[in-house]
Amino acid sequence: MTQHLERAAAVRRLVDEARRIEKDGVTSANLDKIGGLLASLAGRAELFPQDEFPLGADGGIYRLSEDPDHRFALYASAGGAGKKVPPHNHTTWAIIAGVHGAERNVVYERLDNGAREGFVQLREAPAKEKTLKRGDVIAYLPDDFHHIETPVGSGNALHLHFYGLSLEELPERVTVDLASGTSKRFMAKAKILTPLLSAQQVKDMLKSGEVFAFFDVREEGEFSTQGHPLFATPLPLSRLEPRALALLPDPGTRIVLMDSGDDAQDPQWAGRANRAAARLSQLGYTDLAVMKGGLKAWREAGYEVFTGVNVPSKAFGEVVEHANDTPRIDAADLQKLVDAKTDLVILDSRPMPEFNNMSIPGGIDCPGAELVYRVKDFAPNPETLVVVNCAGRTRSIIGAQSLINAGLPNKVIALKNGTMGWHLAGLKVARGETRSFGPQGPEAARFAQAAAADIAKRMKVKKIDKAGLDKLVAKGGPLHRLDVRDPAEYAQGHVKGFRHAAGGQVVQATDQYVGARNATIVLHDNDGVRATMTAHWLMQMGWAETYVLDHKPSTSDLTTEAEPRYPAGFAIPEVATVGAADLHKQLASTLVIDLDTSLKYRDGHVPGAWFAVRAGLGRSLPEMLKEQAGATRIVLVSADAEIAALAAPEAAAAAGGLPVAVLEGGMKAWRDAKLPVETGHVRMADPPTDVWYRPYDFKEDVEAAMRQYLDWEVDLVPQVVRDGDARFSVMGASK
């Protein structure tokens, strides 16, 4: 167990035991019991290296643990020599234990009866004073007063401070001027930080095989265009709450967060990584750290920076093509075969929405994991040429190689550069197509099951039964249970606890489904074929702890309910709402802010609405109010009102007292009411860097964007080699 895992486990034990003790009441005796536990933890100074808790311009109070309801908040508090905090109370119990250096605690007796508002009379109680060094402890009841200072000449100190309630939730704390007795609110906005790790430490973790989540909390467009570490997973602060649980179902897994590291955009306390840590803590995640200096520090350390999205999966596809020399065909040559009436079938390996948007004429939608499962329904004749395509390269390569690995007797080729290559060749793409698969036929089933059995044997795919799954659940840690069937099958009934993740997409965009490096993955379907084919790719990508659930579920095992989107206990804020019709009548006096993606904003928004990124509302909202000075209220809009409701408290804090409401039902309700819609990037409080724009999302220079994308994908392989963190191991094709 690493030092950081030991610290996290020790902190969890302390908090669990303190919670048990406190149930018997907040008494001096019980606080002494908790204090003994805290002193024992503080005595393990090696768990709290001072370079992870530096004293900086934003202070030095670092959150180590906090319950989602803000109870039982543990901090590591750094203090420089000469630091002095004036006399104050806590309004909750507090316990302090020494780790590094010294911290003098001066205790006071209160002499007045509290009847006079804004006045507190204190007198020092020398007998209670205590200077804390390693392992020393002192406890305070809610109404006790003290002041702390770091003695000059003692060096920087680091102590553990444990509270019954978070410092950010103690608005009634007061500080006292001893000479006059005047009291006033103390630390109105506590600056709570997150323990720091260096870029070198994070790089070492990636190489070590440690299980941890590495989340980049910038907007997806920044992540894509400005670059990121290879195995950083995008979790934008603006959309964190609805995405966190699916990406990381285990709240105890270690999390490292990063942002830009730019002092102007992401200063330590107000930076997006530190803000994301606070938000994740409120969701119940307990082991959090921030990579000091973010992307800037990573780049300065000389480590590889990758542009684009889903990079590990796309790079893996290129490695597969190189290792297997996967057969491919240019668009022009495929068109010649079509014109010659060649016996062929074109299978598009993307999900239906992408296929519907743009496809090859005559193509059939058959997403990645469905290919081996259904290919014999489309090509029963072994002489039929099977062509696999996608939008660009990865899913064409992986799809074609899946069929080859499965031993399909037909000739199989990938369409080089997919629909983008087809478009660039000057050929017409189809729009609005819906041709897809039907029920699996018996010949397709026989082939698929035999092929999957062979793959499982060759790759040593690990199968587990229900009891094996129960053991993995009991073991703890990040466990991703994924049902890789077609969405319609999943909706008809799935094993409880399994999220939908179409098999081909799990391989194409693993970082959209699995948030922790080296996590355990359990795949399930109806007969093992699609799960096995998905597993055999994940294993080659380096996901060693991948299993196929070999279990025929009973009716009681199944549910049609969606898996939860939020951790237990979390609730979307209750906010004021306004109906679409009412908003339409009052647009002239309303500042409307659209928090959907800039892409969706461009394609249609409430007339007069501004586009803004949720994470930047603290800066942008006052600027929008200046531009729209006559506004008497603010209305937030998002696709279905969810993100708008989550953002409402943040908007209210920056609204200067104006009322904030949410468009009920979101933009969907506005469209359903057939109200007018405005298009274009017309009022942009933030640049359109919130999402990645696919080449065919652009309105201009589409062909240039396509060429740039295809070149980028091919060039990934040497960059991955230079980076050195990938553990790809490609199997050979079936002979």
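Quick caveat, the model's predicted, so the values are computed rather than measured.

Engineer: Even after reading the chapter, I still don't get unusual backbone geometry, so can you show me in this structure?
Structural biologist: Keep in mind that most residues, glycine aside, have a negative phi and that most peptide bonds are trans. In this structure, Phe72 is a non-glycine residue whose phi angle is positive, near 50°. You can see Phe72 is positioned in strand S2 (residues 71-79). With a phi close to 65°, Asn518 is a non-glycine residue in the positive phi region. Relative to the helices and strands, Asn518 is located in the loop between strand S28 (516-517) and strand S29 (520-524).

Engineer: Could you clarify how one ought to interpret the sheet that holds S29 in this entry?
Structural biologist: Remark on secondary structure: sheet strands pair via backbone hydrogen bonds, oriented parallel or antiparallel. Taken in spatial order, the five strands make up an open sheet running S24-S30-S29-S25-S27, and their pairing is parallel. The strands lining the two open edges of the sheet, one partner per strand, are strand S24 (462-464) and strand S27 (499-500). Note that S24 and strand S30 (residues 546-549) share three bridges and pair parallel. Bridged to Lys463 within S30 is Val548.

Engineer: Which parts of the structure should I look at to understand the sheet that holds strand S21 (residues 364-365)?
Structural biologist: Spatially, S19-S23-S22-S20-S21 is the arrangement adopted by the five strands of the open sheet, whose pairing is parallel. What marks the edges here is a single partner per strand, and that holds for strand S19 (328-329) and S21. One ladder, built from five bridges, connects strand S20 (residues 344-348) with strand S22 (residues 385-389); its direction is parallel. Residue Leu344 lies in a different strand from S22, and its bridge partner there is Leu385.

Engineer: Is there a simple way to explain the environment of Leu206 in this structure?
Structural biologist: For Leu206, the position within the fold is in helix H3 (residues 199-208). What Leu206 contacts, discounting residues up to four positions off in sequence, is Phe212, Phe214, Phe231, Trp298, Arg517, Asp725 and Arg727.

Engineer: Would you mind showing me how to read the pairing of strand S4 (residues 94-100) here?
Structural biologist: The two faces of the sheet receive side chains in turn, since in a regular strand these alternate between them. Of all seven residues in S4, seven are buried, a share of seventy percent or more. Bridge count for S4 against strand S8 (residues 137-140) is four bridges, and the pairing is antiparallel. Bridging across to S8, Ile96 finds its partner in Ile138. Relative to strand S10 (residues 157-165), S4 is paired through six bridges, and the arrangement is antiparallel. Counterpart to Ala97 in the pairing with S10 is Leu160.

Engineer: Help me understand the packing of aromatic side chains in this model?
Structural biologist: The way to describe two aromatic rings as a pair is by their centre distance and the angle between their planes. Here the structure, examined in full by the defined rule, presents 15 aromatic pairs. Between Phe316 and Phe728, the aromatic rings sit 5.3 Å apart at their centres with planes inclined by 65°, giving edge-to-face as the arrangement. Placement of Phe316 in helix H8 (residues 311-324) and of Phe728 in the segment after helix H25 (716-723) is noted, with a sequence separation of 412 residues between them. In this structure Phe316 comes out as buried when scored by relative accessible area, which is 0%. Judged by centre distance (5.5 Å) and plane angle (40°), the rings of Tyr709 and Trp712 are tilted. Within this pair, Tyr709 and its partner Trp712 are both found in helix H24 (residues 702-714), separated by three residues, close to a single helical turn. Assessed through its relative accessible area of 11%, Tyr709 is described here as buried. Residue classification places Trp712 among the buried residues on the basis of a relative accessible area of 16%. Clustering of aromatic rings is evident, with ring pairs tying together Phe212, Phe214, Trp298 and Tyr303. The ring of Phe447 has Lys376 sitting right over it, with the charged end atom 5.9 Å from the ring centre.

Engineer: How should the packing of H8 against helix H12 (residues 394-405) be read in this particular structure?
Structural biologist: A pair of packed helices is captured by two measures, namely the crossing angle of their axes and the spacing between those axes. Between H8 and H12, whose axes approach to 9 Å, the crossing angle comes to 50°. Considered as vectors, H8 and H12 are oriented oblique to each other. Handedness of the crossing formed by H8 with H12: left-handed. In this structure, H8 contributes Ser313, Lys314, Phe316, Gly317, Glu318, Val320, Glu321 and Asn324 to the contact, and H12 contributes Thr394, Ile397, Ile398 and Gln401. Of the residues contributing to the contact of H8 with H12, the split by class is four nonpolar, five polar and three charged.

Engineer: Please explain H25 as it appears in this structure.
Structural biologist: Residue pairs three or four apart in sequence face the same way in an α-helix, which turns once every 3.6 residues. Among the residues making up H25, those that are buried are Leu716, Gln719, Val720 and Asp723. What you see down the axis of H25 is that its buried residues fit within an arc of 100°, all on one side. In H25, the exposed positions that point more than 90 degrees away from the buried face belong to Val721 and Arg722. Those residues of H25 that are buried lie in contact with H3, H8 and H24. A positive backbone phi angle near 85° is found at Gly724, which sits one or two residues after H25.

Engineer: It is not clear to me how the pattern of salt bridges should be interpreted in this structure. Could you clarify?
Structural biologist: Pairing between side chains becomes possible if they bear opposite charge and their charged atoms approach one another. Considering all chains together, one arrives at 47 salt bridges under this definition. The salt bridge involving Arg328 is made with Asp325; its shortest N-O contact spans 3.5 Å. For Arg328, a relative accessible area of 40% puts it in the partly exposed group. Classification of Asp325 by relative accessible area gives exposed; the value is 52%. For Arg458, the salt bridge identified is with Asp454, shortest N-O distance 3.4 Å.

Reading the values: rules and limits
- Residues numbered from 1 in each chain as written.
- Predicted model: local features only at pLDDT ≥ 70, side-chain atom pairs only at ≥ 80, totals over all residues.
- Heavy atoms only, no water.
- Helix = DSSP H or I, 4+ residues; strand = E, 2+ residues; numbered from the N terminus.
- Pairing = 2+ DSSP bridges.
- Contact = heavy atoms within 4.5 Å.
- Buried < 20%, exposed > 50% of the residue type's maximum accessible area, 1.4 Å probe, protein only.
- Phe/Tyr/Trp six-rings, centres within 6.5 Å; stacked < 30°, edge-to-face > 60°.
- Lys NZ or Arg CZ within 6 Å of the ring centre and 35° of its normal.
- Axes fitted to C-alpha atoms, helices over the stretch in contact; angles between N-to-C directions.
- Parallel < 35°, antiparallel > 145°, perpendicular 65-115°, else oblique.
- Left-handed = near helix turned anticlockwise from the far one by under 90°.
- Nonpolar A, V, L, I, M, F, W, Y, C, P; charged D, E, K, R; others polar.
- Arc of directions from axis to C-beta.
- Salt bridge = Lys/Arg side-chain N within 4 Å of Asp/Glu carboxyl O.

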